[in-house]
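Take a look at the letters that make up each chain.
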Amino acid sequence: MGKTYERIDGRLRDFIESQSIFFTATAPLSGDGTVNLSPKGLVGSFAVLDEQTVAYLDFAGSNAETVSHLRENGRITLMWCAFQGPPNIVRIHGHGEPVFRDDPRFEDLLTHFPDIDPTSHGLRAVIVVTANLVRDTCGYAVPFMAYEGDRDLHRKRFEREDDDSLGRYFEKKEHIATSLDGLPGLPLPLPPPSLQGDTPTP
């Protein structure tokens, strides 16, 4: 039987933070819009900010569906599965917000991710999620799988990019500035990271 939690703490937090992969699900408001489901790896790119709030780093990729959906409606579900040890599935249903590089909150948020170099992965935004509902379920049908390590391909691809070349990369991709359904995606041109106290670019 599933259990509902009021806070992200204790064993629940320990379980979430010990997983090497999680999944995000978002969708546009349109009834015929494209539902998006994404795996998120790279150890150190996820953080629990407090008992109701989590965040993860949004790195370079070939689309920006999650960013687009969050800009439109904010709905998001995060899911973790136990692939080792006792069976368990945890979901956080909540409201997400992409905090972009020119936002005055950006630099402070990065301090929550000390175990990864975000510049090596083409960091686009920090996704902050406020939990509305936190539940776990049994996970009895989830298979055992062993974590062997992160792939280094993403870092090798994007560590050679600077802000200018990364911006050009994004501008060439069809579904970065707009989603598959035509919603606004990542703001381009790519802004430089803000300094504390700067005013965000409109």
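Structure's up top.
Colleague: For the packing of aromatic side chains, give the residues involved together with the corresponding values.
Modeller: Across all of its chains, the model carries 6 aromatic pairs by this definition. Ring geometry for Phe46 against Trp80: centres 5.3 Å apart, planes inclined by 70°, an arrangement best described as edge-to-face. Taken together, the residues Phe46 in strand β4 (residues 46-50) and Trp80 in strand β6 (residues 75-81) connect sequence positions 34 residues apart. You'll find Phe46 and Trp80 in the same group, each marked buried. When the ring of Phe158 is compared with that of Tyr169, the centres are 5.3 Å apart and the planes differ by 80°; the resulting orientation is edge-to-face. Pair noted here: Phe158 is in helix α4 (residues 153-158) and Tyr169 is in helix α5 (residues 163-172), with a separation of 11 residues, a long-range link. Since its relative accessible area comes to 15%, Tyr169 is described here as buried. Here the basic side chain of Arg157 rests over the ring of Phe158, its NZ or CZ set 4.7 Å away from the ring centre.

Colleague: Got a sec to walk through the side chain of Lys40? Specific residues and values, please.
Modeller: Locating Lys40 in the fold gives a position in strand β3 (residues 36-40). Although Lys40 is buried, it makes no salt bridge; Asp58 carries the closest opposite charge, 4.3 Å away. Every residue in contact with Lys40, bar those within four places of it in the chain, is listed here: Ser20, Ile21, Phe22, Thr24, Tyr56 and Asp58.

Colleague: With reference to specific residues and values, describe the state of the cysteines.
Modeller: All chains considered together, the criterion is met by 0 disulfides. Unpaired in terms of disulfides, Cys81 finds its nearest cysteine sulfur in Cys138, a separation of 11 Å. For Cys81, a relative accessible area of 7% puts it in the buried group. Judged by relative accessible area, which is 36%, Cys138 ranks as partly exposed.

Scoring rules and cut-offs
Every chain begins its residue count from 1, and numbering advances along the sequence as written. Reporting in this predicted model follows two pLDDT cut-offs: at least 70 for local features of residues, and 80 or more for side-chain atom pairs to be given and counted; totals over whole chains, interfaces and linings ignore these cut-offs and use all residues. Note: side-chain values were computed over all heavy atoms of the structure, leaving out hydrogens and water. Note on aromatic pairs: the rings of Phe, Tyr and Trp (six-membered ring only in Trp) are paired at centre separations within 6.5 Å, and the planes decide the class, stacked below 30 degrees, edge-to-face beyond 60, tilted for the rest. Numbered from the N terminus, helices here are DSSP runs of H or I no shorter than four residues, and strands are runs of E no shorter than two. Partly exposed describes any residue whose relative accessible area lies between the buried limit of under 20% and the exposed limit of over 50%, with all areas from a 1.4 Å probe on protein chains only and scaled to the type maximum. Only when the NZ of Lys or the CZ of Arg is both within 6 Å of the ring centre and within 35 degrees of the ring normal is a charge said to sit over the ring. This count recognises Lys and Arg as positive and Asp and Glu as negative, with His and chain-terminal groups excluded. Salt-bridge detection follows one rule: a side-chain nitrogen of Lys or Arg within 4 Å of a carboxyl oxygen of Asp or Glu. Residue contacts follow a heavy-atom distance rule, with two residues in contact if any of their heavy atoms lie within 4.5 Å. The disulfide criterion is simple: two cysteine sulfur atoms within 2.5 Å.

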